[in-house]
Number of protein chains: 2
Amino acid sequence: MRLFSLAFAACLSASVGLADPLPSWNETQARDRIVAFVDSVTDPEADTYVTPSDRIAVFDNDGTLWGEQPVYFQLIFAVEAFQEMVKADPSLANTDALKAAAAGDYAALAEGGKEGLVEVLAASHTGMSVEAFQESVAAWLAEARHPDTGLGYDRMTYQPMVELLRYLRDEGFKTYIVSGGGIHFMRVFAEEAYGIPPEQVIGTYLESSYAVVDGVPVITKEPALAFVDDKEGKAINIDRIIGKRPIFAGGNSDGDFAMLQWTTAGEGPRFGMIVHHTDAEREVAYDCDSHIGRLCDGLEQGPELGWLIVDMAEDWARIFTGAR
Amino acid sequence: MRLFSLAFAACLSASVGLADPLPSWNETQARDRIVAFVDSVTDPEADTYVTPSDRIAVFDNDGTLWGEQPVYFQLIFAVEAFQEMVKADPSLANTDALKAAAAGDYAALAEGGKEGLVEVLAASHTGMSVEAFQESVAAWLAEARHPDTGLGYDRMTYQPMVELLRYLRDEGFKTYIVSGGGIHFMRVFAEEAYGIPPEQVIGTYLESSYAVVDGVPVITKEPALAFVDDKEGKAINIDRIIGKRPIFAGGNSDGDFAMLQWTTAGEGPRFGMIVHHTDAEREVAYDCDSHIGRLCDGLEQGPELGWLIVDMAEDWARIFTGAR
């Protein structure tokens, strides 16, 4: 009898959803629209029903699943990793960009433009095996702290988004990251932080080489960009790697516009959402004028395209996973 | 009581494996080694146990999961699709290679070398949307028949390999194709033929472009190779797309050598297998001297690397899914 009661309670809980799947979302229209969409595609009786194998959801990472201010966290890693390298060998800081990186001078680094950034990425990300690179990322994540919040970077995930990812998976979705960030960098924390395994992390990647060194096969990261997973590249990479059009896409900048456009232009029920950084108090408020995560087209065209614009200040009860 | 009996029978059947998972494999050492490996990584009590999320299995397609003689089936598609195009517009056959294709002259086409082949692929595979391309592949598959067997090409899958894929999945593996074939081509039949969904099909891909045409976003296949998923490229693509080292890899040619090497060089239990085409009676016998599916290094070094060399004539009770 006791077993039966437990089983009954479990069924009841599952069927009527007693536990709130989105506790960090306020009871606003944003939350209602998400839940209504998920209900519509998971109800086998509805003509909007989507089979589980087609419930593909894709999310940008920087600014959508975790913070991206004052600069992309991967750039902070690159600079801090390079600073460690320079401690061991000061002669490495041999260009203007690398000198700026060694000094932790992000403003000077930004002035150097894209070429300077690529120099810092090359110095900190390449000429080593994928394993060695990922060990250096893991070691950094364990120690590094964000300059404003004092949190570890992997604690600066957005708690409402972590809940959304879990909610979607509980409802039969397969969740992917499709980000401008580097694949090898993101895979170090994506599974623990988001529940997203390596094979569902899509991003920017460098060239790599395969060779047998002293009898051991090694994949080495090479200092040349192979594919930038941003803007149109996101839609192209989704087609190449997933091979199906998602039914749900979330982003926060115009770099995500094509991904949301591609997703929501498909037939049947589709959901596009943009995380709008409106909360100057708990985070940083920015959109069209920002040097990072610039959002103009999405704000202007998103609503008429039916996309949900999430107002972080209004819609989220909590921001970071690591802080209330 | 009846419910209990049914449940008991189901448990019994699952635990002692009453149904033979590999009925088209003869009772030889090859089959025993596969089963012993799977048992070793799925037994939670064994120190060789591998958690399900790390049970990644990768397979070449041409010559490993389906036939590849007398030429790659995708090339036959390209030629036959081009012949259809030429019927509508004879002026398309305007180079030596395209004339050879229009005439169905594979020997002349082979003489033209790689450049000629790329011309035929470009003519039949590009300048159209991914959807339009995949519709043309599906239409071809429905009608086309292999010159020797008379079978539809998607009935020329190797039944023992189809069973192996299913067996591995039943034992908690995630099965991938990692092939020199084109991603958009293979995805048309991989799910039905092998139970492998689009997101687990990795292959060669052309450049593609994303544009909004008359208000509709379109991904168009462009006439330039972006990545050739062969040799070292297979290991690189596995790292890029799966992000984990597989524990099981199957191939049939030296184009698969790096993939098997990368897979089996990992720590812990690993399995590499090579399908050796030894059956002149039921299929075609070929290896080191073949122009297609050339296998020298794998035959020579495979055994000392611990790889299983499957002898199709000895180890397989049946070859094609579509013929006994």
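Just so we're clear, the structure is a prediction, and the values are computed from it rather than from any experiment. (Residues numbered from 1 in each chain as written. Chains lettered and ligands numbered in written order. Predicted model: local features only at pLDDT ≥ 70, side-chain atom pairs only at ≥ 80, totals over all residues.)

What follows concerns the sheet that holds strand β6 (residues 248–251) of chain A. One open sheet holds the eight strands; their spatial order is β2-β5-β4-β3-β1-β6-β7-β8 (chain A), and the pairing between them is mixed. The outermost strands of the open sheet, each flanked by one partner alone, are β2 (128–129) and β8 (308–311) of chain A. Across four bridges, β6 of chain A lies against strand β7 (residues 271–276) of chain A in parallel orientation. Following the sheet pairing, Gly-251 of chain A is matched in β7 of chain A by Ile-274 of chain A. Running over the sheet, helix α11 (residues 232–242) of chain B touches β4 (201–213) and β5 (216–227) of chain A and is turned about 140 degrees from β4 of chain A. (Pairing = 2+ DSSP bridges. Helix = DSSP H or I, 4+ residues; strand = E, 2+ residues; numbered from the N terminus. Contact = placed C-beta atoms within 7 Å. Axes fitted to C-alpha atoms, helices over the stretch in contact; angles between N-to-C directions.)

On to unusual backbone geometry. For residues besides glycine, phi is generally negative; the peptide bonds are generally trans as well. Residue Pro-70 of chain A follows Gln-69 of chain A across a cis peptide bond; omega there is 0 degrees. Its location among the elements puts Pro-70 of chain A in the loop between β1 (56–59) and α3 (73–88). Unlike most non-glycine residues, Lys-231 of chain B shows phi in positive territory, near 55 degrees. The residue Lys-231 of chain B is located in the loop between β4 (216–227) and α11 in this model.

With that out of the way, let us pick up the relation of the copies chain B and chain A. Relative to chain A, chain B is turned by 180 degrees and slid 0.0 Å along the rotation axis, the superposed coordinates differing by an RMSD of 0.0 Å. Accordingly, the operation relating the two chain copies is best matched by a two-fold axis. Considering only C-alpha atoms, the part of chain B nearest the rotation axis is Ile-241 of chain B, at 3.6 Å. Taken together, the interface assignments show that 100% of the residues at the interface of chain B recur at the interface of chain A, consistent with an identical surface on both copies. (Least-squares fit on C-alpha atoms with pLDDT ≥ 70 in both.)

Right, let's get into helix α2 (residues 29–42) of chain A. All names here are of chain A. Taking 1.5 Å of rise per residue, 14 residues should cover 20 Å, and α2 covers 20 Å from first to last C-alpha, within 8% of that figure. Ala-30, Arg-31, Ile-34, Val-38 and Val-41 are the residues of α2 that are buried. Projected down its long axis, α2 shows its buried positions confined to an angular sector of 110 degrees, all on one face. Facing away from the buried surface of α2 by more than 90 degrees, the exposed residues are Asp-32 and Ala-36. At its buried positions, α2 is contacted by α8 (159–170), β8 and α14 (312–315). (Expected span 1.5 Å × (residues − 1). Buried ≥ 20, exposed ≤ 12 C-beta atoms within 10 Å, placed from the backbone. Arc of directions from axis to C-beta.)

All right, on to the sheet that holds strand β2 (residues 174–182) of chain B then. All names here are of chain B. Spatial strand order, β4-β3-β2-β1-β5-β6-β7: seven strands in an open sheet with mixed pairing. Each having just a single partner strand, β4 and β7 (308–311) make up the two edges of the open sheet. Strand-to-strand, the axes of this sheet are offset by a mean angle of 30 degrees, without reference to chain direction.

Moving on, we come to the domain arrangement of chain A. Residues and elements named next belong to chain A. According to the domain assignment, chain A consists of domain 1 (20–69 + 151–315) and domain 2 (73–143). Distance from the C-alpha centre of domain 1 to the C-alpha centre of domain 2: 26 Å. Listed per partner, the contact involves 16 residues of domain 1 and 14 residues of domain 2. Those elements that provide at least two residues to the side of domain 1 that touches domain 2 are β3 (174–182), α9 (183–186) and β5. The greatest single-element share of the side of domain 1 that touches domain 2, amounting to six residues, is contributed by β5. The class makeup of the residues in the side of domain 1 that touches domain 2 is eight nonpolar, five polar and three charged. (Domains from an automatic or database assignment. Nonpolar A, V, L, I, M, F, W, Y, C, P; charged D, E, K, R; others polar.)

Time to look at the pairing of strand β3 (residues 201–213) of chain B. On any regular strand, side chains alternate: one points to one face of the sheet, the next to the other face. All names here are of chain B. Bridging between β2 and β3 involves three bridges; their strand directions are parallel. The partner of Val-178 across the bridge, within β3, is Ile-202. As paired strands, β3 and β4 are joined by eight bridges and run antiparallel to one another. Residue pairing in the sheet places Tyr-210 in a bridge with Ile-219 of β4. Two successive antiparallel strands, β3 and β4, enclose a turn made up of two residues, where Asp-214 displays a positive phi of approximately 50 degrees.

Before going further, it helps to examine the nonpolar core. Of all hydrophobic cores here, the largest spans 162 residues; its most connected members are Val-120 of chain A together with Val-120 of chain B. The residues touching Val-120 of chain A, leaving out its near neighbours within four places in the chain, are Ala-78, Val-79, Phe-82, Ala-97, Leu-98, Ala-101 and Leu-109 of chain A. (Core = buried A, V, L, I, M, F, W, Y, C linked by C-beta atoms within 7 Å.)

What follows deals with the pairing of strand β5 (residues 248–251) of chain B. Residue and element names in this part refer to chain B. Of the two faces of β5, both are covered, the one formed by Phe-248 and Gly-250 as well as the one formed by Ala-249 and Gly-251. The pairing of strand β1 (residues 56–59) with β5 spans three bridges and is parallel. Within β5, the residue paired with Ala-57 across the bridge is Phe-248. Following the chain from β5 across helix α12 (residues 257–264) to the adjacent parallel strand β6 (residues 271–276), one finds a crossover that is right-handed. (Right-handed = clockwise from strand over helix to strand, strands pointing away.)

We now examine the environment of Arg-169 of chain B. Residue and element names in this part refer to chain B. Topologically, Arg-169 is positioned in helix α8 (residues 159–170). Residue classification places Arg-169 among the partly exposed positions, given that 16 C-beta atoms sit within 10 Å. Taking the C-alpha atoms as reference points, Arg-169 and Thr-157, separated by twelve residues in sequence, lie 18 Å from one another.

In this section: the interface of chain B and chain A. Facing the 27 residues of chain B at the interface are 27 residues of chain A. Elements that contribute at least two residues to the side of chain B that touches chain A include exactly β3, β4, α11 and α12 of chain B. For the side of chain B that touches chain A, the element with the most residues is α11 of chain B, which contributes seven residues. Residues that form the side of chain B that touches chain A fall into these classes: 17 nonpolar, four polar and six charged.

All names here are of chain A. In contact at an axis separation of 6 Å, helix α11 (residues 232–242) and helix α12 (residues 257–264) are set at 50 degrees when each is read in the N-to-C sense. Considered as vectors, α11 and α12 are oriented oblique to each other. The way α11 lies across α12 gives a crossing that is right-handed. Taken together, the residues of α12 that come into contact with α11 (itself represented by Glu-232, Lys-234, Ala-235 and Ile-238) are Ala-258, Met-259 and Trp-262. Taken together, the residues that form the contact of α11 with α12 break down as five nonpolar, no polar and two charged. (Parallel < 35°, antiparallel > 145°, perpendicular 65-115°, else oblique. Left-handed = near helix turned anticlockwise from the far one by under 90°.)

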